[in-house]
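Each chain, letter by letter, is given below.
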Amino acid sequence: MKRMLVARPNFDDGTHYLHEWSSALIKEAQNKGILITDVKGDDVTEKNIIGKLGSIKPEMAFLNGHGTKSSFCGHQMEEVLNCESSKALKGTITYVRACDCLEELGGDAVSNGCRAFIGYGKPFWIPMQNEYTARPLQDPVAKPVMEASNQVMKELINGNSALQAVDASRKLANRHAAEILFSKKFSGDINANPTLKALLMNKGSLNLKGDSAASIS
Amino acid sequence: MVYDEQIKKLVVMRLSTMPPNVSFSIGNYGKFSREDLIKEVKKNSATGEAIVSMEIDLLRQMPHLSAQLSE
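Overview of the structure. (Residues numbered from 1 in each chain as written. Chains lettered and ligands numbered in written order. Predicted model: local features only at pLDDT ≥ 70, side-chain atom pairs only at ≥ 80, totals over all residues. Heavy atoms only, no water.)

## Points about the layout of surface pockets
Going by this rule: Definitions used for this entry: grid spacing 1 Å over protein atoms alone; cavity, a set of points where a 1.4 Å probe fits but cannot get out; pocket, an open set with protein on both sides within 12 Å along at least 5 of 7 lines; lining residue, one with an atom within 4 Å of a point. Grid points are joined across faces, edges and corners, and a volume is the space filled by probe spheres set on the points. A helix here means a DSSP run of H or I that spans at least four residues, while a strand means a run of E at least two residues long, and both kinds are numbered starting from the N terminus. Gly is placed with the polar residues, together with every amino acid not listed as nonpolar (Ala, Val, Leu, Ile, Met, Phe, Trp, Tyr, Cys and Pro) or charged (Asp, Glu, Lys and Arg).
Its volume calculated, the second largest pocket comes out at about 210 Å³. Lining the second largest pocket are 13 residues, and of these Asp100(A), Lys122(A), Pro123(A), Ala50(B) and Ser53(B) lie nearest its centre. Top contributing element to the lining of the second largest pocket by residue count: helix H3 (residues 46-61) of chain B, with four residues. Tallied by class, residues from the lining of the second largest pocket come to seven nonpolar, two polar and four charged.

## What about the sheet that holds strand E1 (residues 22-26) of chain B?
Just so we agree on the cut-off: In this description, strands pair whenever DSSP reports at least two bridges between them. Angles shown run from 0 to 180 degrees and are taken between the N-to-C directions of axes, each axis being a line fitted to C-alpha atoms and, for helices, limited to the stretch in contact.
As summarised here, the arrangement of the three strands in space is E9(A)-E1(B)-E2(B), forming an open sheet in which the pairing is antiparallel. Of all strands in the sheet, those bounded by a partner on one side alone are strand E9 (125-129) of chain A together with strand E2 (30-33) of chain B. Mean inter-strand twist for the sheet, computed between neighbouring axes without regard to direction, equals 25°. As judged from the five bridges shared by E9(A) and E1(B), these two strands associate in the antiparallel manner. In the sheet register, Ile126(A) faces E1(B), and the bridge partner there is Ser25(B).

## A word on the environment of Val152(A)
Residues and elements named next belong to chain A. Our working definition: Summary of the burial criterion: residues with accessible area below 20% of their type's maximum are buried, those above 50% are exposed, and those between are partly exposed, where the area comes from a 1.4 Å probe applied to protein chains only. Only heavy atoms matter for contacts: two residues are in contact if any of them lie within 4.5 Å across the pair.
Inspection of the secondary structure puts Val 152 in helix H4 (residues 143-157). According to the relative accessible area criterion, Val 152 is buried, its value standing at 0%. Placed 55 residues apart in sequence, Val 152 and Arg 97 show a C-alpha to C-alpha distance of 9.7 Å. With residues near it in sequence (within four places) discarded, Val 152 still touches Tyr 95, Ile 118, Ala 165, Ser 169 and Leu 206.

## Brief notes about the packing of H4(A) against helix H5 (residues 162-181) of chain A
Residue and element names in this part refer to chain A. The condition is simple: An angle below 35 degrees is read as roughly parallel, one above 145 as roughly antiparallel, one from 65 to 115 as roughly perpendicular, and any other as oblique. In this scheme, a crossing is called left-handed if the near helix is turned counterclockwise away from the far one by less than a right angle; it is called right-handed if the turn is clockwise.
Where H4 meets H5, the axes come as close as 8 Å, and the angle between the chain directions of the two elements is 155°. Overall, the two elements H4 and H5 adopt an arrangement that is roughly antiparallel. The hand of the H4/H5 crossing is right-handed. On the side of H4, the interface is formed by Pro 144, Glu 147, Ala 148, Ser 149, Gln 151, Val 152, Glu 155 and Leu 156, while H5 contributes Ala 162, Gln 164, Ala 165, Ala 168, Ser 169, Leu 172, Ala 173 and His 176. Across the contact of H4 with H5, the residue classes break down as nine nonpolar, five polar and two charged.

## Points about the sheet that holds strand E1 (residues 3-8) of chain A
Residue and element names in this part refer to chain A. The mixed open sheet is built from six strands, whose spatial order is E2-E1-E3-E7-E8-E10. Bordering the open sheet on either side are strand E2 (35-40) and strand E10 (206-210), each of which pairs with just one other strand. If you compare each strand with its neighbour and ignore which way they point, the axes differ by 15° on average. Of the strand pairs in this sheet, strand E8 (residues 116-120) and E10 are connected by five bridges, and their pairing is antiparallel. By the bridge assignment, Tyr 120 is partnered in E10 with Leu 206. Most of the contacts of H4 go to strand E7 (residues 93-97), to which it runs at about 170°, and overall it touches E1, strand E3 (60-64), E7, E8 and E10.

## Concerning the interface of chain A and chain B
Stated formally: Defined in terms of a 1.4 Å probe, buried area is the accessible area two parts forfeit on being brought together, summed over both. Criterion for a salt bridge: a side-chain nitrogen of Lys or Arg within 4 Å of a carboxyl oxygen of Asp or Glu. For the purposes of these results, a polar contact is taken to be a pair of N or O atoms within 3.5 Å, where, inside protein, one atom must be able to donate a hydrogen and its partner to accept one; residues adjacent in sequence count only when each atom of the pair is a side-chain atom.
Listed per partner, the contact involves 34 residues of chain A and 28 residues of chain B. Taking both partners together, chain A and chain B bury about 2,700 Å²; carbon and sulfur atoms supply 61% of that area. Our enumeration of links across chain A and chain B arrives at three salt bridges. Between Lys122(A) and Asp57(B) there is a salt bridge, with the nearest N and O atoms lying 2.7 Å from each other. If you look at where chain A meets chain B, you find 10 residue pairs in polar contact (both at pLDDT 80 or more). Where the side of chain A that touches chain B is concerned, the elements lending two or more residues are helix H1 (13-31), strand E4 (66-67), E9, H5 and helix H6 (194-205) of chain A. Examining the composition of the side of chain A that touches chain B, we find that six residues originate from one element, H6(A), more than from any other. In the side of chain A that touches chain B, the residues fall into 18 nonpolar, nine polar and seven charged.

## Considering the pairing of E7(A)
Residues and elements named next belong to chain A. We count it as follows: Looking down the strands as they point away from you, a crossover is right-handed if its path from the first strand over the helix to the second goes clockwise.
Counted residue by residue, E7 has five buried out of five residues, so it is predominantly covered. Side-chain alternation along E7 places Ile 93, Tyr 95 and Arg 97 on one buried face and Thr 94 and Val 96 on a second face that is also buried. As judged from the five bridges shared by E3 and E7, these two strands associate in the parallel manner. Within the sheet, the bridge partner assigned to Phe 62 lies in E7 and is Tyr 95. When E7 meets E8, the two strands line up parallel, connected through three bridges. Note that in E8 the partner of Thr 94 across the bridge is Phe 117. At this point the chain moves from E7, through helix H3 (residues 102-111), to the parallel E8, and the crossover so formed is right-handed.

Here is the structure:
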């Protein structure tokens, strides 16, 4: 049985959106027979995540939260993984849905044995319509952006490769962007559309390090 | 990187067309309304520079957008 570790802190609006939008992926993975270890909220600490990566030895890690070039952060910005401790990701295919982590943290993780590290080389932008911040799954401004980023995990869960996952996410971002541009509601002003901005920015900074052919199948 | 005043003015004008009821979560920088974003750009903060950089990236993408979206 394949195993997946999910980390999803939930202490501000950004992490709340990531937390909520991860739920469907967890269900989808369970339906595929993948054993999930779901570390959430204030349990997303360095001790818990490093400990569980070591004890469970998952094939996949799906880490949501805030990030810097050299670290992934959990509850209340506690540093959970850095370049040195990235050896805990050895043997995994990892998707970090957080800002900036790809180049340094991802590069070191792969040098330390991570099979493939998918992440963002720049900030991860989430547009939010103020009326929906308590109901992230219904937020029409965030939905296309979150769906495009969820596509990475959907592909990995379905046994597709890291490269296929990145490509599929970019394609979905393109499709959503085209839908906005050609919609009757579109004002013609790209500046005025935060969803379009976030789709293009996130798509541009999504990439992978390591073995592009890595998959769980 | 400190951006030219003309570029910052352009970015502020672009940001001012955003809907007033939409905010951006920008990772560990935090959550920003339209007015917050404009304020950050005007005061040259690290967040402001990230916002200017985003807008410049988008402007550079614009001529290639239709080709990109048909990929």
